[in-house]
Amino acid sequence: MDKKTLKHIAELSRIELTDKELEEFTPQMETILDSAKKLQEVDTSNVSPMKRHISFDDLREDIAQDSLSQGDVLKNANYKENGYIKVYGKIFGSIEES
Amino acid sequence: MENSKYDIIIGLEIHVQSKTLSKMFCSCATNYFEKEPNTHVCPTCLGLPGALPVPNKRAIELCILLGLATQCDIDNEIHFDRKHYFYPDLPKGYQISQYKRPICSDGYIDIKDEDGKKYTIGIERIHQEEDVAKSTHHTESSTGQKYSLIDYNKSGVPLIEIVSKPNIRSAYQAKEYANRIRQIVRYLRISDADMEKGQMRCEPNISIQEKGKWEYKDNGIAPIGDYKLNTKVEVKNIGSISAVEKSIKYEIERIINTIEKGENIIQQTRGWNADKGITEFQRSKETADDYRYMPDPDIPIIEIAQKDIERISKEIVELPNEKIERYQKEYDLSDYDCTVLTADREISNYFEDIVSLLTEGKDIQKAAKLASNWVTGAVFSIANDKKIDINEKNFPKEDLIELIKRFEDGTLTRNKAEELLRRSIDKGNPLPKLIKNAINEAQKSATNLGDIVNQVIKENEKAVSDYKSGKQTTIGYLIGQVMQKTKGTADPNEAKSVLIEKLNG
Ligand SMILES: [Zn+2]
C-alpha cells in the first residue's frame with residue numbers, strides 16, 4: 001500500500017484526503033491488509049466455497065406488492081424537494097458518473 | 001462511408017428494461033412512468049442496511065429468452081456480482097450485475113446490409129442487472145449551489161445488457177443491429193423498448209484504425225507489428241434508432257479529421273446533442289474503470305436445468321427474419337412489403353389473419369397480394385394519420401374482409417371503400433353499416449339517374465332522333481341536360497352509359 005493507491009481508493013469513494021491524512025492513513029491501511037493476508041495463508045484447497053445453490057423454481061414469482069409511502073421513503077433524507085431526495089453537489093467530488 | 005485509408009470498428013452496448021410486473025430484486029411495481037417520485041420504493045431498492053435482494057424469476061426467464069433468440073450459449077448457473085461505484089443514483093454503492101459469467105454468451109444476429117446482403121453481427125454477452133435511480137441536476141438560484149433531485153422509482157427495475165462484438169463496421173450496420181434487437185425484444189414481449197421513455201438505450205463505442213494494421217483477437221482488436229491502436233470513443237445520450245446512425249456518422253468524421261490533423265484521440269465519453277446534430281465532450285477516461293467487482297454474497301447461485309431452458313424456448317415465436325423469408329416464399333410478396341408487414345408482431349399477425357380469411361376459394365398468393373395492398377395501403381395510412389394501432393379493435397378483420405370483397409366484386413370503387421374505412425374510424429361507425437348505406441345510396445342514385453334520363457329523353461325529342469339517326473355528338477348535349485337536372489351531382493360517365501343504354505334499348 002502506497003500513498004498513490006490509497007488516494008485512488010479514496011477517490012473511488014468520493015473521499016478527499018489531505019496530504020497529512022494520506023501520510024497518516026497509509027501505514028494504518030497496511031496493517032489492515034496484513035491482517036487480511038494472514039487469513040489468506042489458511043489452506044482452503046479442500047474447502048468448497050460457502051455459497052448456497054438454489055434451483056430456478058426457488059426464485060421469486062413476478063408479483064408486484066405495495067411499496068413504502070413517499071413520506072416513509074423521505075423520512076430519513078436530510079434534504080428533500082417536491083417528493084425528491086435532494087443531494088448537494090459536493091458528494092460528486094472530482095469524479096464523474098460512470 | 002468507404003474510406004481507403006481507415007477501418008471503422010464499432011461495438012454497441014444496448015440496455016433494455018424488461019417488461020416485468022415487479023423489480024429485479026424486490027416486489028416493488030415497475031410501472032413508474034409518470035408516477036409520483038419515490039412511491040415505488042422499498043428498503044431493498046433503496047439500499048437500506050439489512051435488506052435482502054431476491055431475484056425475480058420472470059426477469060431471468062426473459063434474459064434467457066433473449067439469449068435463445070440470438071443463438072447464445074446459456075450458462076447452467078447464474079452468478080450475480082457487485083459492481084461498485086459511488087453515485088447518488090445508486091443507493092447501495094454498487095449495482096448488482098454480472099461480471100465473469102453472463103447468463104448468455106457468444107450469439108449473433110443477422111442484419112441486411114446497405115448493399116442488401118446478409119451481414120452477421122456477433123453478440124459477446126447478454127447479462128442481467130438492475131437499473132439505477134433517476135437524477136436531474138439543478139443549480140440553486142439563491143446560493144448558486146449545485147444539487148441533484150433523486151427519484152428511486154426506477155432503481156432496481158430489471159435491465160438486460162447486450163454487448164455486441166466489435167464487428168459492426170459502419171453507422172448503417174449499427175442502426176440496423178439496434179433496430180433488429182428492438183424488434184426481437186418487442187416480438188418476444190421482453191421489453192417495450194421505447195427509446196424516448198428510456199426503456200432502451202444504445203451506447204456505441206467507435207474506433208478508427210489504419211487499414212491492415214490491426215486484427216481481431218479475443219473478442220477485441222489487437223495491433224499488428226508496432227502499430228499503436230487509436231483509443232475508442234464512447235457516445236451516450238442517444239434517444240432514437242436514427243440517432244444511433246447519425247451520431248456514429250458524425251463521430252467517425254470527427255475522429256478521422258482529428259487523426260488527419262496529426263492529433264491524438266483521447267479516450268473519452270461524448271454526448272449526442274440531437275438538436276445540434278453533434279457529439280459533445282462529456283468526460284475523459286484517463287484511467288480504466290475500477291469497479292472492484294466481487295460475487296454478491298446475498299444472492300445464491302441459481303442452477304438452470306435443461307427443463308427450464310425447454311420451458312423458456314416455448315416462448316420463442318417466428319422472428320421477423322424468418323417471417324420475411326416465409327412471406328417471400330409462400331406469398332411471393334415484394335421485399336418492401338415483407339419488411340413493413342413483419343416489422344411489428346401484432347401487425348404481422350393481423351396481416352396473416354386477413355390473408356387466411358381471404359384465401360377461402362382463392363389462390364393464396366392472390367389473397368396475400370390483395371391483403372398486403374389493403375394493409376400496407378389504406379390501413380397503414382389511416383392508422384398513421386389517426387395515430388392508432390393496427391388491431392382487431394380498430395380494424396375488425398371480418399369487416400375489412402367484407403370491404404375488400406365489395407371492392408373486388410365492383411360494388412365499391414377503391415376510393416369509396418377507403419373513404420368508408422376512414423369514416424368508420426373517425427366517427428366510430430361500424431364498417432358493415434357504412435358499407436350497407438353506401439350500397440343503398442348507390443342503388444338509390446342509380447334509380448334516380450334512370451328516371452332523370454327518361455325525362456331528358458322525353459323532353460328532347462329532336463336531339464334523340466338526331467342521335468338515333470347517327471349524329472353521335474348529340475350525346476354530349478343530352479349529358480349536359482342530365483347534369484343540369486341533377487345539379488351537377490351525377491357522375492358524367494355514369495350518365496353517359498345510362499343514356500346510351502336507354503337510347504339503344
Ligand atoms: Zn423495492
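To be clear, the structure that these remarks concern was listed above.
As the structure is a prediction and not an experimental result, all values here were calculated from the model.

Procedures and definitions
Note that residues are indexed from 1 along each chain, following the sequence as it is written. The lettering of chains begins at A and the numbering of ligands begins at 1, in the order of writing. Only residues with pLDDT of at least 70 are given local features in this predicted model, and only at 80 or more are side-chain atom pairs given and counted; all residues enter the totals for whole chains, interfaces and linings. Hydrogen atoms and water are omitted, and side-chain values are computed over all heavy atoms in the structure. Starting at the N terminus, helices and strands are each numbered in turn, a helix being any DSSP run of H or I of at least four residues and a strand any DSSP run of E of at least two. Radius of gyration: C-alpha atoms only; globule rule: 2.2 Å multiplied by the number of residues to the exponent 0.38. Summary of the burial criterion: residues with accessible area below 20% of their type's maximum are buried, those above 50% are exposed, and those between are partly exposed, where the area comes from a 1.4 Å probe applied to protein chains only. The charged-residue count follows a simple rule in which Lys and Arg add positive charge and Asp and Glu add negative charge, with His and chain termini not counted at all. Note on charges: their place is set at NZ of Lys, CZ of Arg, CG of Asp or CD of Glu. Between N-to-C directions, angles cover 0 to 180 degrees, with each direction set by a line fitted to C-alpha atoms, over the stretch in contact for helices. Angles below 35 degrees are treated as roughly parallel, those above 145 as roughly antiparallel, those between 65 and 115 as roughly perpendicular, and all remaining angles as oblique. Contact between two residues is taken to exist if any of their heavy atoms lie within 4.5 Å; hydrogens are not considered. Any residue that is not Ala, Val, Leu, Ile, Met, Phe, Trp, Tyr, Cys, Pro, Asp, Glu, Lys or Arg is counted as polar, Gly included; the first ten are nonpolar and the last four charged. Each metal's donors are the N, O and S atoms found within 2.8 Å of it, except that Na, K and Ca use a 3.2 Å limit; water is left out, so coordination can look incomplete. Tetrahedral means four donors with every angle between 85 and 135 degrees, whereas square planar (four donors) and octahedral (six donors) require angles over 155 degrees between opposite donors and between 65 and 115 for all others; sites fitting neither are termed irregular. Should DSSP find at least two bridges between two strands, the strands are taken to pair. Grid points spaced at 1 Å and placed over the protein atoms alone form the basis of the search, with a cavity being a set where a 1.4 Å probe fits but cannot get out and a pocket an open set showing protein on both sides within 12 Å along at least five of seven lines. Lining residues have an atom within 4 Å of a point. Grid points are joined across faces, edges and corners, and a volume is the space filled by probe spheres set on the points. Two aromatic rings, drawn from Phe, Tyr or Trp (for Trp, its six-membered ring), form a pair once their centres lie within 6.5 Å of each other, and the interplanar angle then sorts them: stacked below 30 degrees, edge-to-face above 60, tilted otherwise.

A. Looking closely at the overall build of chain B. Counting its regular elements, chain B contains 14 helices and 18 strands. For 505 residues, the compact-globule formula gives about 23 Å, and the C-alpha radius of gyration of chain B, at 32 Å, lies well above that figure. Dimensions along the principal axes, computed over C-alpha positions, put chain B at roughly 105 × 60 × 55 Å. Counting the 505 residues in chain B, one finds 51% classified as buried. Distance between charge centres in chain B, computed from 74 positive and 81 negative side chains, equals 4 Å.

B. Seen up close, the packing of helix α2 (residues 171-187) of chain B against helix α5 (residues 320-331) of chain B. Residue and element names in this part refer to chain B. Their axes nearest at 10 Å, the elements α2 and α5 cross at an angle of 90°. Classed by the angle they form, the pair α2 and α5 counts as roughly perpendicular. Seen from α2, the contacting residues are Arg180, Gln183 and Tyr187; seen from α5, they are Pro320, Asn321 and Lys323. Of the residues contributing to the contact of α2 with α5, the split by class is two nonpolar, two polar and two charged.

C. Representation of the coordination of the zinc ion within the structure. All names here are of chain B. The coordination sphere of the zinc ion contains the protein donors Cys26 (SG), Cys28 (SG), Cys42 (SG) and Cys45 (SG), at a distance range of 2.3 to 2.4 Å. Around the zinc ion sit four donor atoms, and with donor-metal-donor angles ranging over 99 to 117° the site reads as tetrahedral. All donors to the zinc ion come from one chain, and their sequence spacing reads C-x1-C-x13-C-x2-C. Across the pair, exposure class does not vary: Cys26 and Cys28 are buried alike.

D. Just the sheet that holds strand β1 (residues 53-55) of chain A, in detail. Pairing is mixed in the open sheet, where three strands are placed in the order β1(A)-β18(B)-β3(B). Looking at which strands have only one partner, the edges of the open sheet turn out to be β1 of chain A together with β3 (77-78) of chain B. Inspection of the sheet shows β1(A) paired to strand β18 (residues 301-303) of chain B by three bridges, in the parallel sense. Bridge pairing in β18(B) places His53(A) opposite Ile301(B).

E. How the structure looks around the sheet that holds strand β10 (residues 158-164) of chain B. Residues and elements named next belong to chain B. One open sheet accounts for nine strands, arranged β2-β6-β7-β10-β1-β11-β14-β15-β16; its pairing is mixed. At either end of the open sheet lies a strand with only one pairing partner, and these are β2 (73-74) and β16 (278-284). The pairing of strand β15 (residues 268-273) with β16 spans six bridges and is antiparallel. The partner of Asn273 across the bridge, within β16, is Ile278.

F. Representation of empty space enclosed by the protein within the structure. Residue and element names in this part refer to chain B. All told, the structure shown has three cavities of 30 Å³ or more when counted by the stated rule. Every residue along the wall of the largest cavity is listed here: Lys23, Met24, Phe25, Cys26, Thr44, Cys45, Pro53, Lys92, Ile96, Glu130 and Gly156. Taken together, the residues of the lining of the largest cavity sort by class into six nonpolar, two polar and three charged.

G. The arrangement of the packing of aromatic side chains in detail. A complete count under the given rule lists 12 aromatic pairs over all chains for this structure. Note on Tyr79(A) and Tyr88(A): the rings are 5.0 Å apart at their centroids and 85° apart in plane angle, and the pair reads as edge-to-face. A relative accessible area of 45% means that Tyr79(A) is categorised as partly exposed. On the basis of an interplanar angle of 70° and a centroid distance of 5.5 Å, the ring pair of Trp374(B) and Phe407(B) is categorised as edge-to-face. On the criterion of sequence distance, the pair formed by Trp374(B) in helix α8 (residues 364-386) and Phe407(B) in helix α9 (residues 397-408) is long-range, its members being 33 residues apart. The same class applies to Trp374(B) as to Phe407(B), namely buried. Three or more aromatic residues joined by ring pairs make a cluster, and in this case those are Tyr85(B), Tyr99(B), Tyr291(B) and Tyr293(B).

It is worth stressing that arrangement in space is one thing and function is another; only the former is reported here.
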